[in-house]
Every structure is written in structure tokens, then in C-alpha cells.
Amino acid sequence: MSGSIYHSMRPEDGVQLKGDQKTAFVSTMFDRIARRYDAMNLIISLGQTSYWRWRAFRGLQLPEGAAVLDVGTGPGNIPRMLHGRFRGVQVEGMDVSPGMLELARKADSQSRYFEGSVTAIPRPDHQYDLVTTILTLRNFPDLDLSLAEMIRVLKPGGRLMILDAFNGDGVVMPLLRRAWMRGVVPLLTAPFTDRKAYEYLAESIEKQVSVEDVAARLRGLGCSRVEITAYSFGSAALVVGVKGK
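Residues numbered from 1 in each chain as written. Predicted model: local features only at pLDDT ≥ 70, side-chain atom pairs only at ≥ 80, totals over all residues. Heavy atoms only, no water.

Some details on helix 8 (residues 143–152)
So the rule is basically this: Only protein chains enter the accessibility calculation, which uses a 1.4 Å probe. A residue is then buried if its area is under 20% of the maximum for its type, exposed if over 50%, and partly exposed in between. Runs of H or I in DSSP of at least four residues are treated as helices and runs of E of at least two as strands, each being numbered from the N terminus. Any pair of residues with heavy atoms lying within 4.5 Å of one another is described as a contacting pair. Under the rule applied, a polar contact is a pair of N or O atoms within 3.5 Å (in protein, one hydrogen donor and one hydrogen acceptor; residues adjacent in sequence only if both atoms are side-chain atoms).
Listed as buried for helix 8 are Leu 143, Ser 146, Leu 147, Glu 149, Met 150 and Ile 151. Taken together, the buried residues of helix 8 touch strand 1 (67–71), strand 4 (128–134), strand 5 (154–165), helix 11 (211–220), strand 6 (223–231) and strand 7 (236–243). Of the residues flanking the start of helix 8, the one acting as N-cap is Asp 142, its side-chain oxygen 3.3 Å from the backbone nitrogen of Asp 144.

This is how it looks when you write it as C-alpha cells:
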């Protein structure tokens, strides 16, 4: 079923999907591009995705034994990075793509990986000190429910870190991004991977809610000390919220 949804939908239609259909679309898409995902991301973002991750995590502090969940973990880059920086952290990675999880498990024996949807995280309340989701927000099947679920599994006082691409400030940056993502990226990716997936990703950035909207939703869900840090003229941003006690 999931494959048929993906193959029958245009990229712009896939962006508009909700619920189980969106989950099925995204799962199939990432299964198809899993093995070349990191390399293609590095190329099409001109190294910016690596820079954004470095900026987002450079000041992070975690106590020994902290419990962390990475939502939409992909090939497990964030769990591996956290194990490299912090002693004794307990990291889990969740994704809807079995193909991505297969790669993550092969590359990382220290973390635990499991399949699941962000709209119904199969974990009890108040389990994690930190929940991260990196470049995944645009793929969520229901934004409000997804944010509420990530907050639910946080311990009181725990942090939610959201890093994603946004449209950018002013007029010039969105135009440059559109020209690159729609004009150049399909030509770069077509010989190596699924062109349709990258057309979807370009469309999803243009349809992304604003970073201010994300911050407002977190406040509405009871998060305190919600902070926004913009990168690359607003092309990406980190939103951090602390769960109320």
C-alpha cells in the first residue's frame, strides 16, 4: 500500500498528505533514497546541513546517563554523534523507514533503533531528557499531534530540539533556494537516486510553516523558554523548548 501511494502521487501532492497516507508516502520515499541520502544531502545543500547540525549541537550539555530520543533518525547520524561527545548517554533513534533503520543499526551498535510514527511514539510518558528531530518537521503527518507526542515523552524540564529548513528571510533567499532546488538539484540527483524524492523535498520546504509558527505551537503546548536560532540568513533554524514542570 505504501509503495502504491508514493508512486501514484506527484511530489506536490505528497506534501499535502496527512495522517497514515503521509506516513506511507514518506516511508517509501526514504527507503528508496536511504543508501545515498547522506551523500546527496551534502551535495545539494552545499554542506549546509552538516554546518547546521554542528551549530545546533555545539553548545549542548548532557549529564552522564541522560536518555535521548532522535525522531526521524534516518541513518543514525545524530545518535552516533551524541555517543561520540557524551559518556554514558542512552540514545534511541526512531524512524518510519525500515531502510534507514537498517543502515543505522549497521553503523551503530551503541544505540537502540525502532520503527514508529511521531504521531504515536511507542514509549511511555516522561521518559527522555532530550528529544531531537533534525530536518524532519516537513515530513510529519500531523504537526500539532507530532509536537505534542514529542513533548509527552519528555521528562518535566526536558528539552525538545527541532532543526529544519525554512524559507529564509526577505525575498532574495527564497528565490535563490527555489532556483537551486527546482532547477539544479533534480539534474544533480537524477543519475544517482530518486529524482521525485528531491522534488518533494524542494516542495516541502516551500510549504513549510514559519519558524515563528513552530515556536508559538510549542508555547501553546506548555513549553517554556522557547528559543529560536536562525542559520544561513534564515534558511534553517533551531527551535528549542523546555517542557514545563
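On we go from here.
Here's the deal with the sheet that holds strand 3 (residues 112–115)
Quick note on the threshold: Only when DSSP finds a minimum of two bridges between them are two strands counted as paired. Throughout, an axis means a line fitted to C-alpha atoms (over the contacting stretch in the case of helices), and angles, computed between N-to-C directions, take values from 0 to 180 degrees.
Spatially, 3-2-1-4-5-7-6 is the arrangement adopted by the seven strands of the open sheet, whose pairing is mixed. Of all strands in the sheet, those bounded by a partner on one side alone are strand 3 and strand 6. Each adjacent strand pair in this sheet contributes to an overall mean axis angle of 15 degrees, direction not counted. Pairing between strand 4 and strand 5: six bridges, direction parallel. Directly across from Leu 130, in strand 5, lies its bridge partner Arg 159. Helix 7 (residues 98–107) rests against strand 2 (90–95) and strand 3 of the sheet, and its axis sits at about 170 degrees to strand 3.

Things to note about the pairing of strand 7
By the criterion of burial, strand 7 is predominantly enclosed, with eight of the eight residues buried. Both faces of strand 7 are covered, namely the face carrying Ala 236, Leu 238, Val 240 and Val 242 and the face carrying Ala 237, Val 239, Gly 241 and Lys 243. Inspection of the sheet shows strand 5 paired to strand 7 by seven bridges, in the antiparallel sense. Counted as the bridge partner of Ile 162 is Val 239 from strand 7. Here strand 6 pairs with strand 7 via seven bridges, running antiparallel.

With respect to the nonpolar core
Stated formally: Remark: nonpolar core denotes a set of buried residues (Ala, Val, Leu, Ile, Met, Phe, Trp, Tyr, Cys) joined through side-chain atoms within 4.5 Å.
Membership of the largest hydrophobic core comes to 28 residues, with the highest contact counts inside it found for Leu 69, Val 131, Met 150 and Leu 218. Those elements that provide at least two residues to this core are strand 1, strand 4, helix 8, strand 5, helix 11, strand 6 and strand 7.

Things to note about the pattern of salt bridges
Going by this rule: Criterion for a salt bridge: a side-chain nitrogen of Lys or Arg within 4 Å of a carboxyl oxygen of Asp or Glu.
For the coordinates displayed, the defined rule picks out 13 salt bridges. Here Arg 35 and Glu 102 are joined by a salt bridge, their closest N and O atoms 3.8 Å apart. Here the residue Arg 35 occupies a position in the loop between helix 3 (19–33) and helix 4 (37–44), and Glu 102 occupies one in helix 7, the gap between them amounting to 67 residues. Residue Arg 35 is classed as exposed on the basis of its relative accessible area of 62%. The network of salt bridges with shared partners includes Arg 10, Glu 12 and Asp 13.

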